[in-house]
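Listed below, chain by chain, are the residues.
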There are 2 protein chains.
Amino acid sequence: MFRSDRKFATALAPASVGNVAVGFDLLGHALRGAGDWVTARLSEQPGVRILEVTGCVTELPNDVAKNTAGAAVIAMLAGLLDGPASDSSGVGCKTEVGVELSIHKGIPMSSGMGGSAASAVAAVVALNALLAEPLPILKLYPYALAGEVVASGGWHGDNVAASLLGGLTLCHQNPKKLPLRLAVPGQLRCVLIHPDIQIRTAEARAILPREVPLSTAVGQNANLAWLLAGCQSGRLDWIRGALVDLMIEPHRRALIPGFEDVKQAALDHGALGCSISGAGPSVFAWFAADSQPLATIPEQATIPEQGTLPGQAPIPERAADAMVAAFGRHQVTATALISPVDCPGVQVLPA
Amino acid sequence: MFRSDRKFATALAPASVGNVAVGFDLLGHALRGAGDWVTARLSEQPGVRILEVTGCVTELPNDVAKNTAGAAVIAMLAGLLDGPASDSSGVGCKTEVGVELSIHKGIPMSSGMGGSAASAVAAVVALNALLAEPLPILKLYPYALAGEVVASGGWHGDNVAASLLGGLTLCHQNPKKLPLRLAVPGQLRCVLIHPDIQIRTAEARAILPREVPLSTAVGQNANLAWLLAGCQSGRLDWIRGALVDLMIEPHRRALIPGFEDVKQAALDHGALGCSISGAGPSVFAWFAADSQPLATIPEQATIPEQGTLPGQAPIPERAADAMVAAFGRHQVTATALISPVDCPGVQVLPA
C-alpha cells in the first residue's frame, strides 16, 4: 500500500472563506498566505497518533479521533483498507498500519478561516503522498470531510472543498457528492480581516433563525445565481450586485463588534461586496485588482497615520488598512490578509 | 423614427416555462411549438389601439393599457419619445404616433406557459421592426416587462426574458437590470403538459407561505447552484440531482389535481426532474434526448392503448404520453408539447 522510498510527507492546506456571502454551506474559496501544515510519518507502531501540535493553536484535542486531522486520517485508512476502523481511536485498524501526525497550525482557532478543514485536508494529502498508488485529489474529499465533521458537528464541505481544490468551490449538502472548482476572474482579490476575537461555530449556528421570509430566500437565490454567472462570465458588475448576504449576515453580524463600520470601510474603497467569512468573526471583501504600483513615498512625506496609506496604493491594500482601522475604532485588534480568489489549494511540500 | 418602406410587422414570441423548479421569479426557458403572434401596424390616427384578439384566448382586456401587448407598446413609445406617456391609454403620446395591434394567441390563458409575457414580447419586437433604427434585443426587455406587469401584478421577468432571448434565461429581481441567456446542453428536452384547468397567478402566489425553513432555503440554494453548474458543464447527472423544487412546489402542487402521479410518470420515464411551470397548472419535465428513432410499427401490431407507445419511441415522447395518461386518471384532459430547452426566442416573421 505504501511507497518504499518515502516514510514521511508534509502538505500545506490553505485557509479559506466559507459561505462567500450567498452560498451558505455551499461556496468557499481558498486564501493564499495562511494555512496549516501536516506531516504524516509511517510508524512501526500500529494506529494513528498525533505527535505534536505547534503554531498559533496548541489547545487542540489530544484524542486523535476528535482532532480533525486525526479523524480524517482514520477515515482514510479505513477506506483504503476497505473496512471501518475497529475502534474510534483508529489504533485497531485491521492491519498493522501506523501513522504519526505532526500538525503546525498557521490558521487561528475559531477565526472563520477554515482552520479545522485545512488540518483535515493537509493530513489526508500528506498521507496520500505516501501511498504507492496515490488517490486522485477528489477521492480525498470524503475523508477530509469526515475529519471536518468532528470540529463542525455537521457535514459542511464549503471549507474542505476550497482548501483541497483551491479557488472558488461549490460543494454539495450530500457528503457523498463531490465538489467542483468554479471559474473565477483572475483579477479578483480577497481582503480578509481577522479580528482577535473568537466565535465558536456552534454559537454562530445557534443564532440563526429556524425560518426566513420567502422573499429573503428568493433574493438570496437571485444573488447566488448572478454571482455564479458573474464569475463565469468575468462580469465584475454582476458580482458587485450579487455579493450580498440577505439571509445569514443580518443575524450573525451582531456577534462581530464593529462589523457595520468594517463593511462600510470596504465598500467605501470600492469593494464588490463584503460579508462574514464562514461563521466569523473574520470579515472578507472582494475587490478587482488594479494594476497601480504602490506609491513611491514623496520626500516631504510624514509618517502616515493608520488608515491613511498614500492614495496611489492598490485598492485592496488601502481597503485592508481602512478595515483594520475600523475594527480598531471598536477596540478590536485585527490583521489583514490579501489573496487572489483564484489561488492554489493544498500542496505537497518537496521531500 | 419609423421606416418608410414598411407599415406593419409581425413577431412570434414563444411560450415559456417560468421558475424552472429552482429559480423562483428568476429562471425561465423558452418552448418551441406554442407562441403568440402580434402584428403592429402604423396608423394615421394617433394612439395605441388593439384591433383584434384571435386564437385560443379572446377574452383579453379591451383597455389597451390593461392588455400586456398594449401596455408594452405604450411603454416603448414613451421610451422612444423620451418621456412618459401623458395618459395611461397612450392616446396622448407627445407626438402623433399611431400603432394598431392585432394579437393572435397560441398560448392558453392562465396555463403557466407565459402567455402574457409572450404577447408583450411579440408586441415590442413587432414595433421595433418598424423603426428606422431598431433597438438591440436587450433594450426591449424593460418595455416587454412593463407590459407583463399589468398581467402578473409584479415585476417578474422570468417568462419575459425566456420568450425574448430564447433558451434558458436568468433575470433579475430589479427590473432595471438586464437578463442573461445561459448555456445549456443541446440534448436537453422539455416535456410540457398542459392540463385543461386554469390557475390564476394571484391565487398561486396567495398559497405561498410568508416564511420558509432556513434549511429549505439553503437546500434550494444548493439545487440552484448545481443546476447552473450542470447546465454550464453539460453534466446531466448534476442537473438530475438539482432540478428539485423544495420551496414552492410543496405548496402549489395542491392546486393541480393528479400532480404527484404526473410527476411520478415523468420520473419513471427517466426525467432529470419534473415540477410546475410558472404558477401552474402546466407541469414540465426535463429529459436527455436520445437518438433512438421512433419505432417502425410491426405488421401484426394492434392499436396501442394510451400510455403504451412502443418501447422504442424516444424517451420524451413516451414520457409525455404517460404524463397525459396520469392526468387522465384524475379526470383531467391534458395536452403535451415537446421542445428543446435551448430553443429560439422571439422572431420577426418575413414581411
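Thresholds applied
Residues numbered from 1 in each chain as written. Chains lettered and ligands numbered in written order. Predicted model: local features only at pLDDT ≥ 70, side-chain atom pairs only at ≥ 80, totals over all residues. Heavy atoms only, no water. Helix = DSSP H or I, 4+ residues; strand = E, 2+ residues; numbered from the N terminus. Buried < 20%, exposed > 50% of the residue type's maximum accessible area, 1.4 Å probe, protein only. Contact = heavy atoms within 4.5 Å. Areas by Shrake-Rupley, 256 points an atom, 1.4 Å probe, with all protein chains shown as cover. Pairing = 2+ DSSP bridges. Axes fitted to C-alpha atoms, helices over the stretch in contact; angles between N-to-C directions. Lys, Arg positive; Asp, Glu negative; His and termini not counted. Salt bridge = Lys/Arg side-chain N within 4 Å of Asp/Glu carboxyl O. Polar contact = N/O pair within 3.5 Å; in protein donor to acceptor, adjacent residues only side chain to side chain. Buried area = accessible area lost by both parts, 1.4 Å probe. Core = buried A, V, L, I, M, F, W, Y, C linked by side-chain atoms within 4.5 Å. Least-squares fit on C-alpha atoms with pLDDT ≥ 70 in both. Left-handed = near helix turned anticlockwise from the far one by under 90°. Patch = residues over 30% accessible without salt bridge, like charges linked within 9 Å, V, L, I, M, F, W, Y side chains within 5 Å.

Student: So what's going on with the overall build of chain A? Residues and values would help.
Tutor: When helices and strands are counted, chain A shows 10 helices and 12 strands. Each of the 351 residues in chain A was classed as buried or not, and the buried ones make up 57%. Expressed as a percentage of contacts within chain A between residues at least 6 apart in sequence, the contacts between residues at least 24 apart total 73%. A total accessible area of about 14100 Å² is found for chain A, and carbon and sulfur atoms account for 52% of it.

Student: How would you sum up the sheet that holds strand β9 (residues 273-276) of chain A? Please name residues and give values.
Tutor: In sheet architecture, strand pairing relies on hydrogen bonds along the backbone and comes in two forms, parallel and antiparallel. All names here are of chain A. Spatial strand order, β9-β10-β7-β11: four strands in an open sheet with antiparallel pairing. Of all the strands in the sheet, just β9 and β11 (334-340) have a single pairing partner and so form its edges. Neighbour-to-neighbour, the strand axes of this sheet turn through a mean angle of 20°, independent of strand direction. Alignment of β9 against strand β10 (residues 283-288), held across four bridges, turns out to be antiparallel. Within the sheet, the bridge partner assigned to Cys-274 lies in β10 and is Ala-285. Sitting on the sheet, helix α10 (residues 315-328) touches β7 (188-195), β9, β10 and β11, and the angle it makes with β7 is about 20°.

Student: Now, about the side chain of Asp-245 of chain A: what can you tell me, with residues and values included?
Tutor: All names here are of chain A. The residue Asp-245 is located in the loop between α7 (236-242) and α8 (249-252) in this model. Of the side chains with opposite charge, Arg-252 comes closest to the buried, unpaired Asp-245, at an N-O distance of 7.2 Å. A distance of 2.9 Å separates a polar side-chain atom of Asp-245 from the backbone nitrogen of Met-247. At 2.8 Å, the side chain of Asp-245 and the backbone nitrogen of Glu-249 are in polar contact. Ignoring anything within four residues of it in the chain, the contact list for Asp-245 reads Ala-21, Val-22, Gln-220, Pro-250 and Ser-275.

Student: For the interface of chain A and chain B, give the residues involved together with the corresponding values.
Tutor: It is common to give the size of an interface as the accessible area lost on bringing the parts into contact. The interface is formed by 34 residues belonging to chain A together with 34 residues belonging to chain B. A per-residue breakdown of the area chain A buries against chain B is headed by Leu-214, Asn-221 and Trp-226 of chain A, which together make up 25% of the total. The interface formed by chain A and chain B holds zero salt bridges in total. On inspection of chain A and its partner chain B, the count reaches seven residue pairs in polar contact (both at pLDDT 80 or more). Sorting the residues of the side of chain A that touches chain B by element identifies β8 (211-213), α6 (214-233) and α7 of chain A as the ones contributing at least two each. Top contributing element to the side of chain A that touches chain B by residue count: α6 of chain A, with 13 residues. Pairing of β8 of chain A with strand β8 (residues 211-213) of chain B, which is carried by three bridges, proceeds in the antiparallel orientation. Along β8 of chain B, the bridge assignment pairs Val-212 of chain A with Val-212 of chain B.

Student: Would you mind going over the nonpolar core in detail, with residue names and values included?
Tutor: Among the nonpolar cores identified, the biggest contains 166 residues, and Trp-286 of chain A together with Trp-286 of chain B are the most heavily contacted of them. With 26 residues, the next largest nonpolar core counts Val-262, Val-283, Val-324 and Ala-326 of chain A among its residues.

Student: Can you break down the environment of Ala-206 of chain B residue by residue, with the values?
Tutor: Residues and elements named next belong to chain B. Relative to the elements of secondary structure, Ala-206 occurs in helix α5 (residues 201-206). Residue Ala-206 is classed as exposed on the basis of its relative accessible area of 64%. For the pair Ala-206 and Arg-252, spaced 46 residues apart in sequence, the C-alpha to C-alpha distance is 9.7 Å.

Student: I'd like a rundown of the pattern of salt bridges, residues and numbers included.
Tutor: Tallied over the entire structure, the rule returns 16 salt bridges over all chains. In this structure, Arg-3 of chain A engages Asp-5 of chain A in a salt bridge whose closest nitrogen and oxygen atoms are separated by 2.9 Å. The partly exposed category is assigned to Arg-3 of chain A, whose relative accessible area is 28%. Between Arg-235 of chain B and Asp-237 of chain B there is a salt bridge, with the nearest N and O atoms lying 2.8 Å from each other.

Student: Please set out the relation of the copies chain A and chain B residue by residue, giving values where relevant.
Tutor: Here chain A sits on chain B after a turn of 180° about the axis and a move of 0.0 Å along it, with an RMSD of 0.0 Å. Seen this way, the second copy is the image of the first under a two-fold rotation axis. Here 100% of the interface residues in chain A have copies in chain B that are interface residues too; the copies meet face to matching face.

Student: An account of the packing of helix α1 (residues 68-80) of chain B against helix α3 (residues 141-152) of chain B is requested, with residue identities and associated values reported.
Tutor: Residues and elements named next belong to chain B. The contact between α1 and α3 brings their axes to 7 Å, and the two run at 145°. Along this stretch, α1 crosses α3, giving a crossing that reads as right-handed. Of the residues in α3, those in contact with Thr-68, Ala-71, Ala-72, Ala-75, Met-76, Gly-79 and Leu-80 of α1 are Tyr-143, Ala-144, Ala-146, Gly-147, Glu-148, Val-150 and Ala-151.

Student: Describe the environment of Ala-123 of chain A, naming the residues involved and giving the relevant values.
Tutor: All names here are of chain A. Residue position: Ala-123 is located in helix α2 (residues 115-128). Classification of Ala-123 by relative accessible area gives buried; the value is 0%. In sequence terms Ala-123 and Met-76 are 47 residues apart; their C-alpha atoms lie 9.8 Å from each other.

Student: Run through a nonpolar patch on the surface, naming residues and quoting values.
Tutor: All names here are of chain A. A contiguous nonpolar surface patch, about 210 Å² in accessible area, is contributed by Ile-137, Leu-138 and Leu-178. With respect to the secondary-structure elements, Ile-137 resides in the loop between α2 and α3 (141-152). By relative accessible area, Ile-137 is classed as partly exposed at 40%.

Student: Requested: an account of the sheet that holds strand β11 (residues 334-340) of chain B, with residues and values cited.
Tutor: Residue and element names in this part refer to chain B. Reading across from one edge, β9-β10-β7-β11 is the order of the four strands in this open sheet, with antiparallel pairing throughout. Every other strand in the sheet has two partners, leaving β9 (273-276) and β11 as the edge strands with one partner each. The sheet shows a mean angle of 20° between the axes of neighbouring strands, taken without regard to direction. Where strand β7 (residues 188-195) and β11 come together, seven bridges link them in antiparallel fashion. Within β11, the position partnered with Cys-190 by the bridge is Ser-339. Packing of helix α9 (residues 259-268) onto the sheet brings it into contact with β9 and β10 (283-288), and relative to β9 it is tilted by some 155°.

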